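Observations on the model geometry
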Amino acid sequence: RMLVRWVAREIVADHPYSYNPLYARRTLSLGAEAIPALLAASGSAHALLRENAIGLLAAFSEPRLEVVKALHEALADPDAVARNRALEGLIRWGHKDTEKALIQSLKSNRDPYFTAYAVQALGRMGSVEARTPLLRLLKGDHRDKGDLWHTAVQALGRIPDPKGETRRALKTFQRFCAGRPEAFDQLPGMAPDAPDRPGDRARLLVDAATIAGARLGDDASKKRLLKILKEGSGAPQDGGGGVFRRQTVDPVLGAIEPSNQIQAIEALAALSEDDQLERIVRESRDFILRGYALDQVLRGGRRVDFVRKVAEDAALPSVLRVQAMEALALGEATREGAIAVAKSMVRGYLEKRDAAGPRRARRPDLDQDAIPSYECLAAIKLLGRHGALEAAALVDVVRRAREAGDYERLEGPEAPEDEERGRGRNVPAPGQVTRTTLKAFPALFETAVVELGRAATDPALAELLKVLQERGGPGRAEAALALGNFRRLAAADALLQALEDPEPWVRYAAYRSLRKLSGAEGFADWLFGSPAERAAAVKAWREWRAAKGQELPG
């Protein structure tokens, strides 16, 4: 009940899909222990609480029977947000029952938004059974300027087509769209999309069908796709604007509408066009496209040398270097190279003398992605997994991250200079992040503290005690949890003191570590109970400690 109350309060402060890395951080730190509380919240009548709980349940990496059941029930929820969030997890886990439910939803077509989402999901699942109903969608007028058609075409491109049925249908569809482009610009009762140029929507559909056909093995579509890529290479500024067009055309994918670019990358991977994928990784201006192209290279497993170069190149965006490094670590033959890259990332972070000074050299147009702290965070996690992390270097990272301010926190905007404009008007309310600034991301300090707990050395213990005892400092709850790995009297004494800490989550973390060290329960409401309510439990823990004397046996 204590955790249900905490979760219910924490997860309604924002929502999982916002740009807020601090969202539900304490709930998420529980890992699988949070599932019972999230399941309780997913059945709430409170819409936001239910939606957010379902979103978090769907984010777990591996499904549990009770979670799958709850998400299947959520597919029938009248709340569209709850339905779509449940679907996200079920798609990722690839349950056959989910596929059947989605195909059935295409037949009813009662909710156009959910139908579009179901179409996309079936494509991602590669559902062969969905091919016929998806082809049927291309024959009906949905009065939506081709939006559902576009989604269906992209989905069909992801579904195997051994008999060529889809390829033939896509050619017919292309001829239809190319023959009457004006039909998509405006429909009766619908206002025109002023920023779009005449024919933009028809071209979007024709190109989507071309990319899908190429991916399915149609030679003519493949030639046209490669021609489009060649013509768009190094394209100049696009003055047209429009909903579907970016102001700056991408150097590699510039002639392809943004709504089709991910599909184009997948097609290039299916066609084994590794040179084109490498161009996107090296030259694209959009690091999301670059990361997706690198992911396709990794899936192909054909360009190990290229992946190694990406990991080693300090001039590339951090997200790409980390992605490549982690991929190298998966193979026994390449793991040593990944470990060497990780160690260089840690050294690079520690050698950065002034947190406010210049960062390592990056491409000018990607400077916003130059985050050495992110590289160091990923590196210490990888080194820790493979037993290659030196405790002394980890202590240095913790101290450096504290000095540099590389820990999670949100700070509000400064007060206005003119006090007559209203004192404190710019101060956000608790849980409100729309007017706050994220001063440090990612949470390198907190991650390094967790890794100190896994190191379990004397220098690590000393540093963790220092972190826990710094009132108001960062990473204190993480330090309390990490101390549960040390069967030392100093750790037990610090945890006992933390049971009466003013921060609720520090108290709860200390309790969890003492429970781990002792095997006893000793529960109280550490999060919401008053000191008087917790007194009996604190007394019991102190009696346990006294009984141990000078020894804390294993």
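In this text, all values refer to a predicted model and were calculated from it rather than measured experimentally.

Some words on the pattern of salt bridges
Scanning the entire structure with this criterion turns up 35 salt bridges. For the salt bridge of Glu375 with Arg321, the shortest nitrogen-to-oxygen distance reads 3.2 Å. Residue Glu375 is found in helix 20 (residues 372-385), and its partner Arg321 is found in helix 18 (residues 318-329); the two are separated by 54 residues along the sequence. This pair shows no difference in class: Glu375 is buried, exactly as Arg321 is. In this structure, a network of salt bridges that share partners links the residues Asp274, Asp275, Glu278, Arg282, Arg302 and Arg303.

Some words on the packing of helix 12 (residues 200-215) against helix 14 (residues 258-270)
Contact geometry of helix 12 with helix 14 gives a least axis separation of 8 Å together with a crossing angle of 15°. Here helix 12 lies roughly parallel to helix 14, going by the angle between them. Relative to helix 14, the crossing made by helix 12 is left-handed. Here Leu204, Asp207, Ala208, Ile211, Ala212 and Arg215 of helix 12 lie close against helix 14, whose contacting residues are Ser259, Asn260, Gln263, Ala264, Glu266, Ala267 and Ala270. Considered class by class, the residues forming the contact of helix 12 with helix 14 number 7 nonpolar, 3 polar and 3 charged.

Some points on the confidence of the model for the protein
Of all residues in the protein, 85% have pLDDT values of 70 or greater, and the mean over the chain is 85. Mean pLDDT across the secondary structure elements of the protein bottoms out at strand 2 (residues 437-440), with 49, and peaks at helix 3 (residues 35-42), with 97. Per-residue pLDDT stays below 50 along residues 353-369; that stretch engages in 32 contacts with residues further than four places along the chain or on separate chains. Low pLDDT, under 50, characterises residues 415-438; the predicted model gives this stretch 27 contacts beyond four residues in sequence or across chains.

Describing the packing of aromatic side chains
Tallying each qualifying case throughout the model produces 10 aromatic pairs. Judged by centre distance (4.9 Å) and plane angle (40°), the ring pair of Trp6 and Trp505 falls under tilted. Placement of Trp6 in helix 1 (residues 2-10) and of Trp505 in helix 26 (residues 504-518) is noted, with a sequence separation of 499 residues between them. Across the pair, exposure class does not vary: Trp6 and Trp505 are buried alike. Ring geometry for Trp149 against Phe173: centres 5.6 Å apart, planes inclined by 90°, an arrangement best described as edge-to-face. In this pair, Trp149 is assigned in helix 10 (residues 147-156) and Phe173 in helix 11 (residues 165-179), connecting sequence segments 24 residues apart. Relative accessible area serves as the criterion here: at 9%, Trp149 is assigned to the buried category. Lying across the ring of Trp6, Arg9 places its NZ or CZ 4.9 Å from the centre.

Quick notes on the rules
Numbering of residues starts from 1 in every chain and runs along the sequence as written. Given that this is a predicted model, residues contribute local features only at a pLDDT of at least 70 and side-chain atom pairs are listed and counted only at 80 or more, while totals for whole chains, interfaces and linings are drawn from all residues. Hydrogens are left out, water is left out, and the side-chain values use all remaining heavy atoms of the structure. We define a salt bridge as a side-chain nitrogen of Lys or Arg found within 4 Å of a carboxyl oxygen belonging to Asp or Glu. For helices the rule is a DSSP run of H or I covering at least 4 residues; for strands it is a run of E covering at least 2, with both sets numbered from the N terminus onward. With a 1.4 Å probe rolled over the protein chains alone, any residue whose accessible area is under 20% of its type maximum counts as buried; one over 50% counts as exposed, and the rest are partly exposed. Lines fitted to C-alpha atoms define the axes here, with helix axes fitted over just the stretch in contact, and angles between the N-to-C directions of these axes take values from 0 to 180 degrees. Here is the rule for angles: anything less than 35 degrees is roughly parallel, anything more than 145 is roughly antiparallel, 65 through 115 is roughly perpendicular, and the remaining ranges are oblique. Note on convention: the crossing is left-handed when the near helix lies turned anticlockwise from the far helix by less than a right angle, right-handed when the turn is clockwise. Residues count as neighbours in contact if any of their non-hydrogen atoms are within 4.5 Å of one another. Throughout, the ten residues Ala, Val, Leu, Ile, Met, Phe, Trp, Tyr, Cys and Pro are labelled nonpolar, Asp, Glu, Lys and Arg are labelled charged, and all others, Gly among them, are labelled polar. pLDDT is a per-residue confidence score from the predictor, ranging from 0 to 100. Centres within 6.5 Å make a pair out of two Phe, Tyr or Trp rings, where for Trp the six-membered ring is used; the pair is then stacked when the planes are under 30 degrees apart, edge-to-face when over 60, and tilted otherwise. Criterion for a charge above a ring: Arg CZ or Lys NZ at most 6 Å from the ring centre, at most 35 degrees from the ring normal.

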